[in-house]
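Structural characterization, general
Here's the letter readout for the chains.
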Amino acid sequence: MPADPFHPVAATAEAPSGAPTVDRLLDTAAGLFWEKGFAATTTREIAAALRIQQASLYYHVASKEDLLYQIFVSSLNQFLADVPASVRAVSDAHERIPVLLRMHVLTLLKHQRRNMTMLTELRSLSPRHREEVIALRGQYADFVLSSLKEAQAAGSIRTDIPAVYLSLALFNMLNWAARWFREDRDPPPEKIADLLCKLYLEGAALQPVPASFRVPDLNASPKPPTSRARRPLRSGENSTVERLLEAAVALFSRQGYAATSTREVASLLGMQKASLYYHIQSKEDLLYFICKSSLEKIRHDVESAMQNVPDPLERVRTLIVAHMESMLRYKDEHATTLTEMYALSKDRLGQIVALRQDYVDLVRSTLHAAQKAGVLRKDIDARYLSLGLLGLMNRVLVWYRRRGPMSPAQLGQLLAVIFLTGAGSAG
């Protein structure tokens, strides 16, 4: 299988024997949850990684779900303890946002495994715990949003984009670092924090962008809800297979692949479980076809959009807008691919990783060409420009709603402005 830059390597490495400390317990469990997913990880595996008896685990936690809840709470409390205190200690209003950005990245990477679990496994919590965690998340999000509003009032950052969108862009770009950062490959967290701070505040463009690169009208009347595009049929497919894939996407994106049974897929379609196997050989077939289709489609859409665009800077903007339109047209498919692809068998996962890497290479080569043309900054390597951009775009899947005020194309235009000109640009 090709090396995957977005998945942990030896996340569950050796754990010394003896009674586990709280940190060891949380980090070990989080490593397994990141590697395998919460639903697919057993308490027996967690105990084995800690080199303790399975029964001993219950001296520390009431259940596997309780352990997940403790990971969430420890992560969010760390952000609430570290970031606001650092920001409030800065007297110069113009320095508070850079401090916020750097402390967020350092806190994120300090307990990377826990934070990846916190960012990806919310649906696995019980309703009561989920409500408590959402409240904690809201406290931190409110602090970041209020900090950005204060910075706007002080003239530190641009005011032509509402603080709520600057806040969402901040979380998108910074939190993606938890997915790709590796100690053995990347610069130290302090350097990563500086790179992302510079990219978020100053943008990627080396010189002023054309006037046509403008913020979309955010005060226009809300757009009518867009109907969900139907999955295009491939040759040889029939309507039953299409319905199977749509039912699987609905369930996998809502409750996860491991937690979904073929019986549930069949029930959603009003058919017997045995009837599924006239069309597929296994549940894994459904996940594989979803992942393959989503990655092939977004590459095709982006390449087609850029095909007749010669200007390097305009190609970057076109890529961003086309990515957003394609990704949000098939939002649930892409969300499923992002979170569930690691449940595939080794050979199939290798194929999907290769497809995704092909697309990552397309993004990076587009940015590198713009650097060579002198329109994008060269003090940030194309690798980190592309990782920042992929985070900015892909984590929109977490919060975008089809009934929201912006179409995918408008959101793409807005993110292109933020990526190219930065949040610190004068409005």
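Our subject is the structure that appears above.
From a predicted model like this one, the values you see are computed outputs, not experimental measurements. Per chain, residue numbering runs from 1 following the sequence as it is written. Reporting in this predicted model follows two pLDDT cut-offs: at least 70 for local features of residues, and 80 or more for side-chain atom pairs to be given and counted; totals over whole chains, interfaces and linings ignore these cut-offs and use all residues. Heavy atoms from the whole structure form the basis of all side-chain values; hydrogens and water molecules are not counted.

1. Overview of the overall build of the protein
- Strands are runs of DSSP state E lasting at least two residues, helices are runs of H or I lasting at least four, and both sets are numbered from the N terminus onward. A count of helical and extended segments in the protein gives 20 helices and zero strands.
- With the C-alpha coordinates of the protein rotated into their principal frame, the extents come out at 60 × 55 × 40 Å.
- Relative accessibility under 20% of the residue-type maximum defines a buried residue, over 50% an exposed one, and the middle range a partly exposed one, all with a 1.4 Å probe and only protein chains included. For the protein, with 427 residues in total, the buried portion stands at 53%.
- A contact between two residues is defined here by any heavy atoms of the two lying within 4.5 Å. Contacts spanning at least 24 positions in sequence make up 75% of the contacts within the protein whose residues lie at least 6 apart.
- Carbon and sulfur atoms make up 52% of the accessible area of the protein, which totals about 18900 Å².
- None of His or the chain ends enter the tally, which takes Lys and Arg as positive and Asp and Glu as negative. To locate a charge, take atom NZ for lysine, CZ for arginine, CG for aspartate or CD for glutamate. Measuring between centres, the 52 positive side-chain charges of the protein sit 3 Å from its 44 negative side-chain charges. Each accessible area is a Shrake-Rupley result for a 1.4 Å probe, and residues are judged covered by the shown protein chains and nothing else.

2. Overview of the nonpolar core
- By convention a nonpolar core is built from buried Ala, Val, Leu, Ile, Met, Phe, Trp, Tyr and Cys residues, the set being connected through side-chain atoms within 4.5 Å. One finds Tyr200, Leu376 and Phe419 to be the most contacted residues of the largest nonpolar core, which totals 138 residues.
- By residue number, the principal contributor to this core is helix α4 (residues 64–88), which donates ten residues.

3. Re the pattern of salt bridges
- A pair is scored as a salt bridge if a Lys or Arg side-chain nitrogen falls within 4 Å of a carboxyl oxygen belonging to Asp or Glu. Throughout the structure, instances matching the rule amount to 19 salt bridges.
- In this structure, Lys297 and Asp301 form a salt bridge, with 3.5 Å as the shortest nitrogen-oxygen distance. Highlighted residues: Lys297 and Asp301, both in helix α14 (residues 283–306), separated by four residues, approximately one helical turn.
- Judged by its relative accessible area of 25%, Lys297 falls in the partly exposed class.

4. Notes on the packing of aromatic side chains
- Centres within 6.5 Å make a pair out of two Phe, Tyr or Trp rings, where for Trp the six-membered ring is used; the pair is then stacked when the planes are under 30 degrees apart, edge-to-face when over 60, and tilted otherwise. Tallied over the entire structure, the rule returns seven aromatic pairs.
- Within the aromatic cluster, the residues linked to one another by ring pairs are Phe79, Tyr140, Phe143 and Phe171.
- In this arrangement the basic side chain of Arg317 is found over the ring face of Phe213, its NZ or CZ atom lying 4.1 Å from the centre.
- Whether a charge lies above a ring is judged from NZ of Lys or CZ of Arg, which has to be within 6 Å of the ring centre and within 35 degrees of the ring normal. Over the ring of Tyr288 we find Arg348; its NZ or CZ atom is 4.4 Å from the centre of that ring.

5. Focus on helix α11 (residues 239–255)
- Every helix has an expected span of 1.5 Å times one less than the residues it contains. The first and last C-alpha atoms of α11 sit 24 Å apart over 17 residues, in line with the 24 Å expected at 1.5 Å per residue.
- Phi for Gly256, located one or two positions after α11, is positive at around 95°.

6. Observations concerning the environment of Ile352
- With respect to the secondary-structure elements, Ile352 resides in helix α17 (residues 346–372).
- A sequence separation of 55 residues divides Ile352 from Lys297, and the C-alpha atoms of the two residues are 13 Å apart.
- If we skip the residues at most four places from it in the chain, Ile352 touches Tyr288, Cys291, Lys292, Leu295, Met341 and Leu344.

7. Some points on helix α8 (residues 163–175)
- A rise of 1.5 Å per residue sets the reference length of α8, with its 13 residues, at 18 Å; its end C-alpha atoms lie 18 Å apart and thus fit the reference within 8%.
- Regarding α8, the residues found buried are Ala163, Tyr165, Leu166, Ser167, Ala169, Leu170, Phe171, Asn172, Met173, Leu174 and Asn175.

8. Details of unusual backbone geometry
- One non-glycine residue with positive phi stands out, namely Arg51, at about 60°.
- Among the secondary structure elements, Arg51 is positioned in the loop between α2 (43–50) and α3 (54–57).
- When its relative accessible area of 52% is taken as the criterion, Arg51 is described as exposed.

9. Details of the side chain of Lys283
- Here Lys283 lies in helix α14.
- Despite its burial, Lys283 pairs with no opposite charge, the nearest such side chain being Glu264 at 7.4 Å.
- Here a polar contact is taken to be a pair of N or O atoms separated by no more than 3.5 Å, where protein atoms must pair a possible hydrogen donor with a possible acceptor and residues adjacent in sequence count only if both atoms sit in side chains. A polar contact is formed between the side chain of Lys283 and the backbone oxygen of Thr260, at a distance of 2.6 Å.
- With residues up to four places along the chain from it excluded, the contact list for Lys283 reads Phe252, Tyr257, Ala258, Thr260 and Thr262.

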